[in-house]
Amino acid sequence: PIILDTVNEQTYPWFLARLREAGVTRVILCGLGSMYRDDGPVRASAAFRAHLARTAADFRADGFEVAFWVNGFGHGAPLFHESGAERAVSRFTPLRGLDGREGAADLCPADPAFRAAYAEGLKILAGMHPDLIMLDDDFRTSIHGGDEHLCCACPTHMARISEIVG
């Protein structure tokens, strides 16, 4: 994996040489930020999108398959203290434990608004036509800030559970 922010006009030839020396056939670009935050770089920054598209096109032109490695649903919430983070996720349903407590940075993946926002970020990436979009397997939806929840008992989940078990 190559962190996108490390690739520029000066470093690209170095990466290219190292990748060719190693016999690499696929470049995986990562460090793409949050897919669901309106202020995340994929959704909010035309310059970031242009850099990503240009970098992917350069690697492809040099004979590599290009993949984007995308953060999982909850990945990044340990950095929840960053400016605007709480406001950026406040429109989404938090995970709710069986005890009724809700985690500030734990977002329910069943929330239709959350899923739509995440899908919108992926749609932007898909529009760049990478050979592969890889979702990180570290979803981290329930382990932030001492508010560990091993389930979600929000109204959406409880309704779905009721549909299944009656």
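Each remark here, short or long, concerns the structure printed above.
Parameters at a glance
By convention here, each chain's residues receive numbers from 1 onward along its written sequence. With pLDDT at 70 or above as the cut-off, local features in this predicted model cover only qualifying residues; side-chain atom pairs require 80 or more to be listed or tallied, and sums for whole chains, interfaces and linings still use all residues. No hydrogens and no water enter the side-chain calculation; it runs on all heavy atoms of the structure. Labels follow the DSSP assignment, with helices taken as runs of H or I lasting at least four residues and strands as runs of E lasting at least two, numbered in each case from the N terminus. When checking whether two residues touch, look at their non-hydrogen atoms; a contact exists if any pair is within 4.5 Å. What a helix should span is 1.5 Å times the count of its residues minus one. Relative accessible area decides the class of each residue, using a 1.4 Å probe on protein chains only: under 20% of the type maximum gives buried, over 50% gives exposed, and in between gives partly exposed. For this quantity, the arc is that covered by the directions from the helix axis to the C-beta atoms. The term polar contact refers here to a pair of N or O atoms within 3.5 Å; inside protein, the definition further demands a hydrogen-donor-capable atom paired with an acceptor-capable atom, and it admits residues adjacent in sequence only when both atoms are side-chain atoms.

Caption draft 1: Broad picture of the overall build of the chain. Counting its regular elements, the chain contains six helices and six strands. Of the regular secondary structure in the chain, the N- to C-terminal order runs β-α-β-α-α-β-α-β-β-α-β-α. Within the chain, counting contacts between residues at least 6 apart in sequence, those at least 24 apart form 74% of the total.

Caption draft 2: Up close: helix 5 (residues 112–126). Helix length check: helix 5, at 15 residues, gives a terminal C-alpha distance of 20 Å against a target of 21 Å (1.5 Å per residue), a fit within 8%. Residues Phe114, Ala117, Tyr118, Gly121, Leu122 and Leu125 constitute the buried set of helix 5. The buried residues of helix 5 occupy an angular sector of 135° when the element is viewed end-on, so they sit on one face. Relative to its buried face, helix 5 has exposed residues pointing more than 90 degrees away, namely Pro112 and Lys123. Between a side-chain oxygen at the N-terminus of helix 5 and the backbone nitrogen of Ala113 the separation is 2.9 Å; the capping residue is Asp111.

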